[in-house]
Amino acid sequence: MKSRGYAVHDKKSPLAPFSFERREPGANDVVIEIAYSGICHSDIHQARDEWGGSIYPMVPGHEIVGHVTAVGRDVKKFKVGDLAAVGVIVDSCRECENCKADEQQYCLKGAVETYNKSDYSGQVTYGGYSNNIVVHEYYVHTVSPKLNLAAVAPLLCAGITTYSPLRHWKVGKNSKVGVIGLGGLGHMGLKFAHSFGAHVVQFTTSENKIEDAKKLGADEVVVTKDAAAVGKHTGSFDFILDCVSAPHDVNQYLNLLRLNGTLCLVGLPEIPLSVAPFSVVANRRSLAGSGIGGMNQTQEMLDYCADHNIVSDIELTSVDKLNEAYERVLKSDVKYRFVIDMATLPKS
Ligand code: NAP
Ligand code: ZN
Ligand code: ZN
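Conventions used here
Within each chain, residue numbers correspond to sequence positions counted from 1 in written order. All chains are assigned letters beginning with A, and all ligands numbers beginning with 1, in the order in which they are written. Totals for whole chains, interfaces and linings use every residue, but because this is a predicted model, local features are given only for residues with pLDDT of at least 70 and side-chain atom pairs only at 80 or more, for both listing and counting. With hydrogens and water excluded, all non-hydrogen atoms of the structure serve as input to the side-chain values. Every case where a carboxyl oxygen of Asp or Glu lies within 4 Å of a side-chain nitrogen of Lys or Arg is listed as a salt bridge. Elements are defined by DSSP. Helices are runs of H or I of four residues or more, strands are runs of E of two residues or more, and each kind is numbered from the N terminus. A helix is expected to span 1.5 Å multiplied by its residue count minus one. Each residue gets one of three labels from its accessible area relative to the maximum for its type: buried under 20%, exposed over 50%, partly exposed in between, using a 1.4 Å probe on protein chains only. Residue contacts are counted whenever heavy atoms from the two residues lie within 4.5 Å of one another. Because no water is among the atoms considered, metal sites can look incomplete, with donors defined as N, O and S atoms within 2.8 Å of the metal, or 3.2 Å for Na, K and Ca. Site shape is set this way: if four donors have all angles between 85 and 135 degrees, tetrahedral; if opposite donors are over 155 degrees apart and all others between 65 and 115, square planar for four donors and octahedral for six; otherwise irregular. Here the axes come from fitting lines to C-alpha atoms, over the contacting stretch only for helices, and the angles between their N-to-C directions go from 0 to 180 degrees. Note on terminology: angles under 35 degrees are roughly parallel, angles over 145 are roughly antiparallel, angles of 65 to 115 are roughly perpendicular, and the others are oblique. Here a residue counts as near a molecule or strand whenever at least one of its heavy atoms sits within 4 Å of it. Under the rule applied, a polar contact is a pair of N or O atoms within 3.5 Å (in protein, one hydrogen donor and one hydrogen acceptor; residues adjacent in sequence only if both atoms are side-chain atoms). Under the grouping applied here, Gly and all other residues not named as nonpolar or charged are polar, the nonpolar ones being Ala, Val, Leu, Ile, Met, Phe, Trp, Tyr, Cys and Pro and the charged ones Asp, Glu, Lys and Arg.

Colleague: Break down the pattern of salt bridges for me, with residues and values.
Modeller: Enumeration over the complete set of coordinates arrives at 14 salt bridges. Residues D29 and R23 are paired through a salt bridge, measuring 3.0 Å at the closest nitrogen-oxygen approach.

Colleague: Break down helix α10 (residues 295-308) for me, citing the residues and quoting the values.
Modeller: Between its first and last C-alpha atoms α10 spans 20 Å; for 14 residues at 1.5 Å apiece the expected length is 20 Å, and the two agree. Here α10 has its buried residues at M295, Q297, T298, Q299, M301, L302, Y304, C305 and A306. In this structure, the buried residues of α10 make contact with β6 (89-91), β9 (140-141), α3 (149-152), α4 (158-168) and α5 (184-195). Where α10 terminates, the next one or two residues include N309, which has phi positive at roughly 55 degrees.

Colleague: Quick one: what's the story with the coordination of the zinc ion (ligand 2), residue by residue and with numbers?
Modeller: Coordination of the zinc ion (ligand 2) by the protein is provided by C40 (SG), H62 (NE2) and C157 (SG), with metal-donor distances spanning 2.0 to 2.2 Å. Positions of the donor residues of the zinc ion (ligand 2), expressed as sequence spacing, correspond to C-x21-H-x94-C. With a gap of 22 residues between them, C40 in the loop between β3 (29-38) and α1 (41-47) and H62 in the loop between α1 and β4 (64-71) connect regions that are remote in the sequence.

Colleague: Just give me the short version of the coordination of the zinc ion (ligand 3), but keep the residues and values in it.
Modeller: For the zinc ion (ligand 3), the full set of protein donor atoms is C93 (SG), C96 (SG), C99 (SG) and C107 (SG), and the range of their distances to it is 2.3 to 2.4 Å. Geometry at the zinc ion (ligand 3) is tetrahedral, judged from the four donor atoms that bind it and their angles of 102 to 122 degrees at the metal. Spacing between the donor residues of the zinc ion (ligand 3) along the chain follows C-x2-C-x2-C-x7-C. A residue pair is termed long-range when its members are at least 10 positions apart, and C93 in the loop between β6 and α2 (97-100) and C107 in the loop between α2 and β7 (112-113) qualify at 14 residues. For the pair shown, C93 and C107 are each scored as buried.

Colleague: An account of the packing of α4 against α10 is requested, with residue identities and associated values reported.
Modeller: Viewed as axis vectors pointing N to C, α4 and α10 meet at an angle of 100 degrees, and their least axial separation amounts to 10 Å. Taken as axis vectors, α4 and α10 run roughly perpendicular relative to one another. Here G159, I160, Y163, S164 and R167 of α4 lie close against α10, whose contacting residues are Q297, T298, E300, M301 and Y304.

Colleague: Give a detailed account of unusual backbone geometry, specifying residues and quantitative values.
Modeller: Cis geometry marks the peptide bond from Y56 to P57, where omega comes out at -5 degrees. Locating P57 in the fold gives a position in the loop between α1 and β4. Residue Y336 is bonded to the preceding K335 through a cis peptide linkage, with omega at -15 degrees. At K170, a position not held by glycine, the phi torsion is positive, near 55 degrees. Structurally, the position occupied by K170 is in the loop between α4 and β10 (176-180). Phi at R284 is positive, roughly 45 degrees, even though this residue is not glycine.

Colleague: Explain the site of ligand 1 residue by residue, including any values.
Modeller: The full set close to ligand 1 counts 29 residues, and T204, T205, S206, K209 and R337 are the nearest of them. For ligand 1, an oxygen atom lies 2.6 Å from a polar atom in the side chain of K209. Per-element accounting of the shell around ligand 1 gives the leading share, three residues, to α1. Looking at the shell around ligand 1 residue by residue, the class counts come to twelve nonpolar, 15 polar and two charged.

Laid out in structure tokens, this is it:
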């Protein structure tokens, strides 16, 4: 199947138009015409090979929403015309204990990511900065027509990546929760923690985000360069979600956890973080991590968002402004997720 999109050809070159082929849809596949695709910071890390092992040419994008244009003969969940969404993974073995536990992102055979991966047949996967995608229906989610479709796109990564750990660590009414970094992930973590009834403190390096953070649901906002303001929260949090994309001092935040508290990393800076043993030994603290979420939980999150009228705060952009959008994400200058209008993709 012919596809058009935007790709990077090496770690230094900008995104540029790219034509490529996808597999013909099989019996269980859904073909989606992509309407919107979110820009995740992981796209930038991978486009620039900050995590190593990048495969070029690369078509990034794993926050995908659109309409179904064809279905294989055994597809049960979708028909032509339905809304559909795809996130960070497009295949897994579906047999190992992690897949069976709805934790396909931790598949023991290795989950196939939406782009920058070889699938089980050896073909390289291409992501959502493109006009269409072919995905096994197991990895395609249904979307409520109640929500603004463009603002749903970031739920497929930023949404599930923050929803999943908040559920796993049972954040609720009696929790005091910190969210570090008010970016794409951070603003969704803030919305979900607030919606689950927690007392939420947003940590930010950006003074100009204070008012927004309050509107998004923060009970308190702390600008992190103010050490005294940070210090006031020492030993008080049940759970902290670290959504920062760049190297930073985690010890400063570990020290804010109460007895048995957990700091969970979802941010993936490219270099190792340093942890002082005293930061975790005191108060029997845990330093944890979490990756996206399983397929059932992703659908649960989308349904929760439809029921509670939650979407991302987005800036709609066009394919000709992609490189500019990347630079603005790197400057933490986006409120709070770029979403590409794929109708702006040239027709040939
Ligand atoms: P983003 O929109 O760029 O947000 C990152 C935020 O971190 C910024 O808005 C900024 O918030 C803060 N920040 C940036 N540089 C900083 C620095 N030097 N020191 C302190 N704070 C800084 O990125 P994103 O798309 O939310 O992604 C965040 C991270 O999560 C990335 O590393 C991404 O790869 C990773 N990720 C992980 C998963 C997973 O499954 N675990 C899934 C998706 C993404 P303030 O302006 O408020 O300070
Ligand atoms: Zn992502
Ligand atoms: Zn598996």
